[in-house]
Amino acid sequence: MSANRPAAVVVLAAGEGTRMKSATPKVLHAICGRSLVGHVVAASRELSPEHLVVVVGHAREQVTAHLAEIDAEVRTAVQHEQNGTGHAVRMGLEELSGSGVALDGTVIVVCGDTPLLTGATLERLASAHATDGNAVTVLTAEVPDSTGYGRIVRDAASGAVTAIVEHKDATDAQRAIREINSGVFAFDAQLLTDALGKVRTDNSQGEEYLTDVLGILREAGHRVGAAVAGDHREILGINNRVQLAEARRLLNQRLLERAMLSGVTVVDPGTTWIDATVTFEPDALVHPGTQLLGATHLAAHSEVGPNSRLTDTTVGEGAVVSFTVADRAEVGAGAGVGPYAYLRPGSRLGAKSKAGTYVEMKNASLGEGSKVPHLSYVGDATIGDHTNIGAASVFVNYDGVNKHHTTIGSHCRTGADNMLVAPVTIGDGAYTAAGSVITKDVPPGSLAVARGQQRNIEGWVARKRPGSAAARAAENAHQDNQSDQ
């Protein structure tokens, strides 16, 4: 729990985001496994606030449904008309007061489109707010180019914030200031509530600006302070697809650095992409061109890639997964997957098992030490331990209406080019002949042969394909045979 636990965090997520040019609400666009607002909610949760309120407006049904999926404890407040940031915060506080919540302490206000903001930075903001005894503390950042941003003007003696001046209103001296407003604030809850009731709308937009609260509190004799973010990129907001891609790149870089510092080898960070929810153990190895998504976990000494995409997949200790697409699969310790394998949902590989080249699996389990080496489809199946599935085998699991299950025991050997027509069971230690279509159960220790007898029709090519290259080759072969006799 945060040492400076706030009474509430209010997340502003009501805007439409027209510059995204998308049917998807801006805050629901995703990077690195979470929506923009999802990243902000996750960072806010690190403070352990007593209450977390997200102010929704545009496409509020979609946004509210998404919030319920990612954090069941989040409360929502509706801003029916987007009348400014001050109005949005007021809607958030009224949602709490209307539920009988009496806020006492700190209220932190964050923007729902700042996915790079970290819980650590919010913690520093809350700490500075408490230590300095401010009525409001602004999260600021020193940027290389402050063009277009509101400048932070400080008192030279005390360091207190005396003004936030928008770029268009700034003097030349103020435009030289590189410290800017992030739009993230920590407020004294009671003072914020009182000041919001005094915010006016006599401006060009006719809106209630949250920044006006700072002037109201300062004029009332209260101190306005600032806390500087350690990395100015944390405060970047997302307004278009270009900024979305840049934020994704920056967040991915941060996640990869965290992984590498924890003991993971990432051969080429420039071509490796991971989600915020991916976890690792030390000495995992990630090759170039790899995407690790969702709740994927790589155990110690596992090896993934190159050119693989794993979603919600666990890779056991010492397992090797190369040139593979896997979705909601489990790869056991020491198992091998690929190259060019496809593990669909429900695929479970036991320890030291193998799903090899051009193998597709779905809703199937492969026992310890068992192998599907190449060119096969294994669907809706249970395969025991130390069994080998021959090349070019197909588990025929679908009859056009229903899916059926195949069970193969331990220490079995199925021949190449087998069709295993479910439902069917092959007992422990049984064999099946190459080219067989298995439609009946095979008892343990048996050999199943299910193929037609071979019949050779002599002279067929000469009669049916006279003058062809095949006919000439056959004639030459006959002549060679006769000369050898």
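Residues numbered from 1 in each chain as written. Predicted model: local features only at pLDDT ≥ 70, side-chain atom pairs only at ≥ 80, totals over all residues. Heavy atoms only, no water.

> Which residues make up a nonpolar patch on the surface, and what are the values?
On the surface, Y340, Y358 and L375 cluster together to form a nonpolar patch covering roughly 350 Å² of accessible area. Mapped onto the elements, Y358 comes out in strand 27 (residues 354-366). (Patch = residues over 30% accessible without salt bridge, like charges linked within 9 Å, V, L, I, M, F, W, Y side chains within 5 Å. Areas by Shrake-Rupley, 256 points an atom, 1.4 Å probe, with all protein chains shown as cover. Salt bridge = Lys/Arg side-chain N within 4 Å of Asp/Glu carboxyl O. Helix = DSSP H or I, 4+ residues; strand = E, 2+ residues; numbered from the N terminus.)

> So what's going on with the pattern of salt bridges? Which residues, and what values?
Within this structure, the stated rule accounts for 13 salt bridges. Between E94 and R90 there is a salt bridge, with the nearest N and O atoms lying 3.4 Å from each other. Highlighted residues: E94 and R90, both in helix 3 (residues 85-98), separated by four residues, approximately one helical turn. Classification of R90 by relative accessible area gives partly exposed; the value is 23%. Between R90 and E208 there is a salt bridge, and its shortest N-O distance comes to 2.7 Å. Within this pair, whereas R90 is found in helix 3, its partner E208 is found in the loop between helix 6 (189-196) and helix 7 (211-219), the two being separated by 118 residues in sequence. Its relative accessible area of 11% is what places E208 among the buried residues. It is possible to trace a salt-bridge network through shared partners that takes in R90, E94 and E208. (Buried < 20%, exposed > 50% of the residue type's maximum accessible area, 1.4 Å probe, protein only.)

> Which residues make up the side chain of N252, and what values do they have?
Relative to the assigned elements, N252 resides in helix 8 (residues 241-261). In this structure N252 touches C32, P269, T272, W273 and I274, once residues within four positions along its chain are discounted. (Contact = heavy atoms within 4.5 Å.)

> Requested: an account of the packing of helix 6 against helix 7, with residues and values cited.
At a minimum axis distance of 10 Å, the contact between helix 6 and helix 7 shows a crossing angle of 105°. By the criterion of interaxial angle, the relationship of helix 6 to helix 7 is roughly perpendicular. Of helix 7, the residues touching helix 6 (which contributes L191, L192, A195 and L196) are V213, I216 and L217. Residue classes in the contact of helix 6 with helix 7 are distributed as seven nonpolar, no polar and no charged. (Axes fitted to C-alpha atoms, helices over the stretch in contact; angles between N-to-C directions. Parallel < 35°, antiparallel > 145°, perpendicular 65-115°, else oblique. Nonpolar A, V, L, I, M, F, W, Y, C, P; charged D, E, K, R; others polar.)

> So what about the packing of aromatic side chains? Which residues, and what values?
Per the counting criterion, the structure on display carries three aromatic pairs. Centre to centre, the rings of F323 and Y340 are 5.1 Å apart; their planes meet at 40°, and the pair counts as tilted. Within this pair, whereas F323 is found in the loop between strand 21 (320-321) and strand 22 (324-327), its partner Y340 is found in the loop between strand 24 (336-337) and strand 25 (341-343), the two being separated by 17 residues in sequence. Classification of F323 as partly exposed rests on a relative accessible area of 27%. On the accessibility criterion, Y340 (43% relative accessible area) is partly exposed. One aromatic cluster is present, built from ring pairs that chain together F323, Y340 and Y358. A cation sits over an aromatic face here: K403 above Y398, 5.6 Å from the ring centre. (Phe/Tyr/Trp six-rings, centres within 6.5 Å; stacked < 30°, edge-to-face > 60°. Lys NZ or Arg CZ within 6 Å of the ring centre and 35° of its normal.)

> Tell me about the layout of surface pockets, and name the residues and values.
One number sums up the size of the largest pocket: a volume of about 1,700 Å³. Forming the boundary of the largest pocket are 48 residues, of which R19, T85, C111, D113 and N239 lie nearest the centre. Its residues placed into classes, the lining of the largest pocket shows 19 nonpolar, 21 polar and eight charged. (1 Å grid on protein atoms, 1.4 Å probe; cavity = no way out; pocket = protein on both sides within 12 Å on 5 of 7 lines; lining within 4 Å. Points joined across faces, edges and corners; volume = space filled by probe spheres on them.)

> How would you explain helix 3 if you had to name every residue and give the values?
Over its 14 residues, helix 3 runs 20 Å from end to end, which matches the ideal 20 Å to within 8%, given 1.5 Å per residue. Within helix 3, the full set of buried residues consists of G86, H87, A88, V89, M91, G92, L93 and L96. Looking at the packing, one finds that the buried side of helix 3 touches strand 1 (8-13), strand 4 (51-56), strand 5 (75-78), strand 6 (106-111) and helix 6. At the C-terminal side of helix 3, G100 shows a positive phi close to 85°. (Expected span 1.5 Å × (residues − 1).)

> Let's hear about the nonpolar core: which residues, and what values?
Where a protein is soluble and globular, its nonpolar side chains tend to be buried together. Grouped together as the largest cluster of nonpolar side chains are 54 residues, with contacts concentrated most on L343 and M361. Top element by residues in this core is helix 8. It accounts for seven residues. If near-sequence neighbours (up to four positions away) are discounted, L343 is found in contact with V325, A326, D327, A329, V331, V337, L349, A355 and M361. Membership of the second largest hydrophobic core comes to 34 residues, among which are A8, V107, V138 and V199. (Core = buried A, V, L, I, M, F, W, Y, C linked by side-chain atoms within 4.5 Å.)

> Explain helix 7 to me, and be specific about the residues and the numbers.
Note: α-helices contain 3.6 residues per turn, so residues at a spacing of three or four share the same orientation. When we look at burial in helix 7, the residues that qualify are V213, L214, G215 and L217. The secondary structure elements touched by the buried residues of helix 7 are strand 7 (136-142), strand 9 (161-165), strand 10 (179-188), helix 6 and strand 11 (224-228). Downstream of helix 7 by one or two residues, G221 has phi in the positive range, about 90°.

> Explain the pairing of strand 27 residue by residue, including any values.
With two bridges connecting them, strand 24 and strand 27 associate as parallel partners. Residue pairing in the sheet places V337 in a bridge with A355 of strand 27. Two elements, strand 25 and strand 27, share two bridges in a ladder whose sense is parallel. Counterpart to L343 in the pairing with strand 27 is M361. Where strand 26 (residues 348-349) meets strand 27, two bridges bridge the pair, whose relative direction is parallel. Along strand 27, the bridge assignment pairs L349 with L366. Pairing between strand 27 and strand 28 (residues 371-383): 10 bridges, direction parallel. Residue L366 lies in a different strand from strand 28, and its bridge partner there is I383. (Pairing = 2+ DSSP bridges.)

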